[in-house]
Amino acid sequence: MRKTLVFSLLFLILLPLVVISWFSLNRMKESGRIVEEQYRESVHRELQSHAVVISGNIKNIENELLTQLTAAGTDISKLQNLPETSPLIRATFYRNSAGELTYPNNSRSLSEQERLFLNRTKQLWEQEQFHVQLHAEQENTRDSYPSKIKRQKKVSQPVQANWLPWYWEEGVHLILWFKNRDGSVIGAEVERVYLLSSIIAKLPEKSDEKGLFVLKNGKNELIYRWGELPKGAAKEALKEINLTAPLDSWRLSYFSAIPLRDITRVEKQNVIILLITVTLLILFIGFYFYRETSRDLHEATHRVNFVNQVSHELKTPLTNIRLYAELLKEGFDDDDEEDHPTELSIILSESQRLSRMISNILTFSKREKTGITLHPRESDLNAVIEELMEQFSISLKRRGFTDIELDLQCRGALSIDADIVSQIIANCISNAEKYGHSGHYLRIKTHCSNGDVHIHVTDHGPGIPTNRLKKIFSPYVRLSDKATEGVSGTGIGLTLSRELARLHGGDLTVQSSPEETTFHCLIKEMRREI
Amino acid sequence: MKVLIAEDDINILEGLQRLLEKEGYNTVAAANGAIAVDKYRDENPDFVILDIMMPELNGYDVCKEIRKSDATIPIIFLSAKSEEIDRVIGLELGADDFISKPFGTRELMARVRAVSRRALAQKPQNDSFEESFTMGNLTVRCSELRAERGDLVVDIGPRDVEILRLLKENRGKVVTRNMLFDRCWGEDFFGSTRTVDQHISQLRKKIETNPKEPQIIITVHGSGYRFEG
């Protein structure tokens, strides 16, 4: 029983724990993934915001350049002066409608800046890269700038303006150019320092995030960085994005100061704490349940042990009563039993009754605790019944039973548990003695066939009401009415007898009418114990 | 036959002694397990009756001690502990029988006689010992402690055997109560003649066809008893 209880509790505790753990681990993984995604998304938005700032800055430069270039128009002298008047512009150029670089031109005397510009852009003019770019830019950027240019009403705007990045020595250089209606092209090289300083000016000096932002050019050269990265932090960027054209070769990266696993750690910790809490709760409930059940079992065991102990203690004085009563009885001349004092017979009879009662109580408690085992042996059923009748003779006589009949048809030795059978029949006789005495009649009849032993105990008492016939075999139930009120008993005799009869392969049933009640006990011969 | 009785309850102990001595057994009493072991060694009984729950040494331990030196002496456990495990333990330790308290005296004596037969069978007998003898149509089997008449077989005690043997030896003569006392109760026994009469009455119930008209043990009023043959 205890083992069953322990296994049941273990099952009831472990099963939900396993299920909850499984769900918790899945949730932990999912939460970790979500947190990671959210963090990456947050970083991406941060990077995007900075990229938008840079892009906005480029657009501002573009608008300013366009304004200045369109104001200069095709006036070479104005174009020539722009680098000196505008911090944005490093150099300007003009190509005529025939595609010839009119300004700056080697046919004229060149300033140092003009000469350097030609040197820097040499490959552009010679390799037709500019022309190809011109054509490609015209196609690709058709939708990007025209709307903005058209809005600038004060200046006569060309159709399209485009950026042309190229790499030269210290890094990327940018040219903004546009084409006039006549096909001529006006352009300006952005002052690189101005470009970089304006971009950097728009970017934060420090980061609110615990990490490092890095802006690098297309050659992976550092342009600008802000934020901090502690020693030992990951050297791989958590997220990188490319800026938009014309700086689309530039890359803005974020390096996280906190390892990704640490970011998800809080969520995991929360799940683990929840799991531990639920586990402890389940364990507590299981322990509490086990303790309460064990206590109940303990108390039940104590009650059973107490019953056994009390019964055991009763047996010793009972042994003395019976032993000395029988010794006294044998001290009389047995030729005439009627000379025996009634008191002596009563002592003997009552001690035997007490003995049967204790036996019933012990058997009843044993069946709950350990179960009852049969010990069949070759036994004389007639001797068992005669012994019982002798035990009951005084009490039956005093109850007024004047007609006692024994019809014992089972001969020879039967393979039965004599003690069990004796207990069954004794309870039936006791029942007849208590409730059937008004009929003054008792008959015990036995007959055997094919291993079945039938024992009938009949009295002519007032009978048992039909609606109560089944109840009499329920434990602790004692039918109460005028006839039975005040009759002593424990209410377990017939319950026990039926259980014992069934244990012996048979059953105990009853038939009753207002004139006669018969208990029919069927037991089956058992294989004899070796 | 000598029987050792170990029982801590003085009333049960004395009651058992009376019961067995009435049957013709010599008894040795022990009030606890330690005394029981000592008495066993000193008195050399023919069989032993042991209570289980005793002070000093319980019945199981006494049984183990006895079995160390004698594997065959019959032992009966007598106990209020009647759980199956108690019986199993007792029988596993080498006991021959297990009687639960409270017991009927007849049940007890029947088992004691059964054990006595085994004890007698093991005991070396004198050359003059008769295995059985007949008295009319009654056959008395001494070592089996049984008397037979046709299909009827009854258990009798050692004293019963001695009484019948004495009557048979003095066939046709009166056997006085004193002779019966000396032979069957021992010279040290001081009892009333009623003791003999009661015993004869009990014996008649066992062996006579009609105890009220005895054929084997005939009363000689004022003198004693006689077996006619």
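The model shown is predicted, which means the values in this text are computed figures rather than measured ones.

Definitions and cut-offs
Residues numbered from 1 in each chain as written. Chains lettered and ligands numbered in written order. Predicted model: local features only at pLDDT ≥ 70, side-chain atom pairs only at ≥ 80, totals over all residues. Heavy atoms only, no water. Helix = DSSP H or I, 4+ residues; strand = E, 2+ residues; numbered from the N terminus. Buried < 20%, exposed > 50% of the residue type's maximum accessible area, 1.4 Å probe, protein only. Contact = heavy atoms within 4.5 Å. Areas by Shrake-Rupley, 256 points an atom, 1.4 Å probe, with all protein chains shown as cover. pLDDT = per-residue confidence, 0-100. Pairing = 2+ DSSP bridges. Axes fitted to C-alpha atoms, helices over the stretch in contact; angles between N-to-C directions. Buried area = accessible area lost by both parts, 1.4 Å probe. Salt bridge = Lys/Arg side-chain N within 4 Å of Asp/Glu carboxyl O. Polar contact = N/O pair within 3.5 Å; in protein donor to acceptor, adjacent residues only side chain to side chain. Nonpolar A, V, L, I, M, F, W, Y, C, P; charged D, E, K, R; others polar. Core = buried A, V, L, I, M, F, W, Y, C linked by side-chain atoms within 4.5 Å. Patch = residues over 30% accessible without salt bridge, like charges linked within 9 Å, V, L, I, M, F, W, Y side chains within 5 Å. Parallel < 35°, antiparallel > 145°, perpendicular 65-115°, else oblique. Expected span 1.5 Å × (residues − 1). Disulfide = S-S within 2.5 Å. Phe/Tyr/Trp six-rings, centres within 6.5 Å; stacked < 30°, edge-to-face > 60°.

A. View of the overall build of chain A. A count of helices and strands for chain A gives 13 helices and 16 strands. Burial status across chain A gives 43% buried among its 530 residues. Expressed as a percentage of contacts within chain A between residues at least 6 apart in sequence, the contacts between residues at least 24 apart total 64%. Accessible area of chain A: about 29,000 Å², with a carbon and sulfur share of 54%.

B. Region of the structure containing the confidence of the model for chain B. All names here are of chain B. For chain B, per-residue confidence averages 85 on the pLDDT scale, and residues scoring 70 or more make up 92% of the total. Taken element by element, the predicted model of chain B shows its lowest mean pLDDT in helix α4 (residues 84-92) (76) and its highest in strand β1 (residues 2-6) (94). For this predicted complex, the interface confidence score (ipTM) comes to 0.79, while the overall pTM stands at 0.53.

C. Spatial organisation of the pairing of strand β9 (residues 251-256) of chain A. Residue and element names in this part refer to chain A. In terms of residue burial, β9 counts as a mostly covered element, since five of its six residues are buried. Strand direction decides the pairing type here: strand β6 (residues 211-216) and β9, joined by six bridges, are antiparallel. Following the sheet pairing, valine 214 is matched in β9 by serine 253. Here four bridges tie strand β8 (residues 239-242) to β9, and the two strands are oriented antiparallel to one another. Looking across to β9, one finds that isoleucine 241 is bridged to leucine 252.

D. Highlighting the sheet that holds strand β5 (residues 185-190) of chain A. Residue and element names in this part refer to chain A. Ordered in space as β2-β1-β5-β4-β3, the five strands form an open sheet in which the pairing is antiparallel. Each edge of the sheet is formed by a strand with only one pairing partner; in this case those strands are β2 (101-103) and β3 (161-168). Averaged over all adjacent pairs, the angle separating strand axes in this sheet is 30°, with direction ignored. When β3 meets strand β4 (residues 171-179), the two strands line up antiparallel, connected through eight bridges. Within the sheet, the bridge partner assigned to tryptophan 168 lies in β4 and is glycine 171. Contacts from helix α2 (residues 76-85) reach β1 (89-95), β2 and β5, with the element oriented near 160° to β1.

E. Quick look at the interface of chain A and chain B. Of the residues lining the interface, 25 residues belong to chain A; the matching set on chain B comes to 27 residues. Taken together, the two surfaces of chain A and chain B that pack against each other cover about 2,400 Å², and 47% of this comes from carbon and sulfur. A salt bridge links Arg106(B) to Glu390(A), with the nearest nitrogen and oxygen atoms 2.9 Å apart. Scanning the region where chain A abuts chain B turns up eight residue pairs in polar contact (both at pLDDT 80 or more). Secondary-structure elements contributing two or more residues to the side of chain A that touches chain B are α9 (265-330), α10 (342-369) and α11 (381-399) of chain A. In terms of residue count, α9(A) provides more of the side of chain A that touches chain B than any other element does, 13 residues in total. The class makeup of the residues in the side of chain A that touches chain B is six nonpolar, nine polar and 10 charged.

F. Representation of the sheet that holds strand β5 (residues 97-100) of chain B within the structure. Residue and element names in this part refer to chain B. Within the open sheet, the five strands sit side by side as β2-β1-β3-β4-β5. Their pairing is parallel. The open sheet has two free edges, formed respectively by β2 (26-30) and β5, since each of these has just one partner strand. Averaged over all neighbouring strand pairs, the angle between strand axes comes to 20°, with direction disregarded. Across five bridges, β1 lies against β2 in parallel orientation. Bridged to alanine 6 within β2 is alanine 30. Each of β1, β2, β3 (47-51) and β4 (75-79) is contacted by helix α1 (residues 10-23), which is oriented at about 170° to β2, the strand it contacts most. Sitting on the sheet, helix α2 (residues 33-43) touches β1 and β2, and the angle it makes with β2 is about 145°.

G. Examining the nonpolar core more closely. In this structure, Tyr25(B), Val112(B), Ile156(B), Leu164(B), Leu180(B), Ile207(B) and Ile217(B) are the most contacted members of the largest nonpolar core, which totals 50 residues. Once you skip the residues sitting within four places of it in the chain, Val112(B) turns out to touch Leu20(B), Tyr25(B), Phe47(B), Ile49(B) and Ile76(B). By size, the runner-up hydrophobic cluster in this structure holds 43 residues, among which are Ile61(A), Leu69(A), Ala72(A) and Tyr94(A).

H. Region of interest: a nonpolar patch on the surface. All names here are of chain A. Together, Phe11, Leu12, Leu15, Val19, Trp22 and Phe23 line one region of the surface with nonpolar side chains, adding up to about 650 Å² of accessible area. Topologically, valine 19 is positioned in helix α1 (residues 2-72). Using a relative accessible area of 37% as the deciding quantity, one classes valine 19 as partly exposed.

I. Representation of the packing of α1(B) against helix α6 (residues 158-169) of chain B in the model. Residue and element names in this part refer to chain B. Orientation of α1 relative to α6, taken along the N-to-C sense of each, is 25°, at an axis distance of 6 Å. By the angle class used here, α1 and α6 are roughly parallel. Counted together, Glu21, Lys22 and Glu23 of α1 and Pro158, Arg159 and Asp160 of α6 form the full contact between these two elements. Looking at the contact of α1 with α6 residue by residue, the class counts come to one nonpolar, no polar and five charged.

J. Spotlight on unusual backbone geometry. Here the residue pair Ala245(A) and Pro246(A) is connected by a cis peptide bond, since its omega of 10° sits within 30 degrees of zero. The topology assignment puts Pro246(A) in the loop between β8 and β9. The omega angle of the peptide bond from Lys101(B) to Pro102(B) is -10°, so this bond is cis rather than trans. Inspection of the secondary structure assignment puts Pro102(B) in the loop between β5 and α5 (105-122). Positive phi, close to 60°, is recorded for His440(A), a residue that is not glycine. You can see His440(A) is positioned in the loop between α12 (418-435) and β13 (441-449). His440(A) gets classed as partly exposed once you look at its relative accessible area, which sits at 38%. At Asn44(B), a residue that is not glycine, the phi angle is positive and equals roughly 50°.

K. Here's a closer look at the pattern of salt bridges. Residues and elements named next belong to chain B. According to the stated counting rule, one finds 36 salt bridges over all chains in the structure shown. In this structure, arginine 183 engages glutamate 162 in a salt bridge whose closest nitrogen and oxygen atoms are separated by 3.3 Å. Of the two residues, arginine 183 is situated in helix α7 (residues 177-185) and glutamate 162 in helix α6; the sequence distance between them amounts to 21 residues. A relative accessible area of 32% means that arginine 183 is categorised as partly exposed. Ionic contacts of the salt-bridge type, sharing partners, join the residues Glu23, Arg113, Asp160 and Lys206 into one network.

L. Region of the structure containing α6(B). Residues and elements named next belong to chain B. Across its 12 residues, α6 extends 16 Å between first and last C-alpha, which sits within 8% of the 16 Å expected from 1.5 Å per residue. Counting buried positions along α6 yields nine of 12 residues, so the element is predominantly enclosed. The set of residues buried in α6 consists of Pro158, Arg159, Asp160, Val161, Ile163, Leu164, Arg165, Leu166 and Leu167.

M. Representation of the state of the cysteines in the model. Summed over all chains, the structure comprises one disulfide over all chains. Here Cys428(A) is not cross-linked by a disulfide; its sulfur's nearest cysteine counterpart is in Cys521(A), at 6.3 Å.

N. View of the packing of aromatic side chains. All names here are of chain A. A complete count under the given rule lists 10 aromatic pairs over all chains for this structure. Their ring planes at 15° and their centres at 6.1 Å tell us that phenylalanine 93 and phenylalanine 117 sit as a pair that is stacked. You can see phenylalanine 93 sitting in strand β1 and its partner phenylalanine 117 sitting in helix α3 (residues 112-120), a full 24 residues away along the chain. By relative accessible area, phenylalanine 93 is classed as buried at 0%. By relative accessible area, which is 0% here, phenylalanine 117 ends up buried. An angle of 85° between the planes, with centres 6.5 Å apart, marks the rings of phenylalanine 473 and phenylalanine 519 as edge-to-face. With a gap of 46 residues between them, phenylalanine 473 in the loop between β14 (452-459) and α13 (493-503) and phenylalanine 519 in strand β16 (residues 517-524) connect regions that are remote in the sequence. On the accessibility criterion, phenylalanine 473 (8% relative accessible area) is buried.

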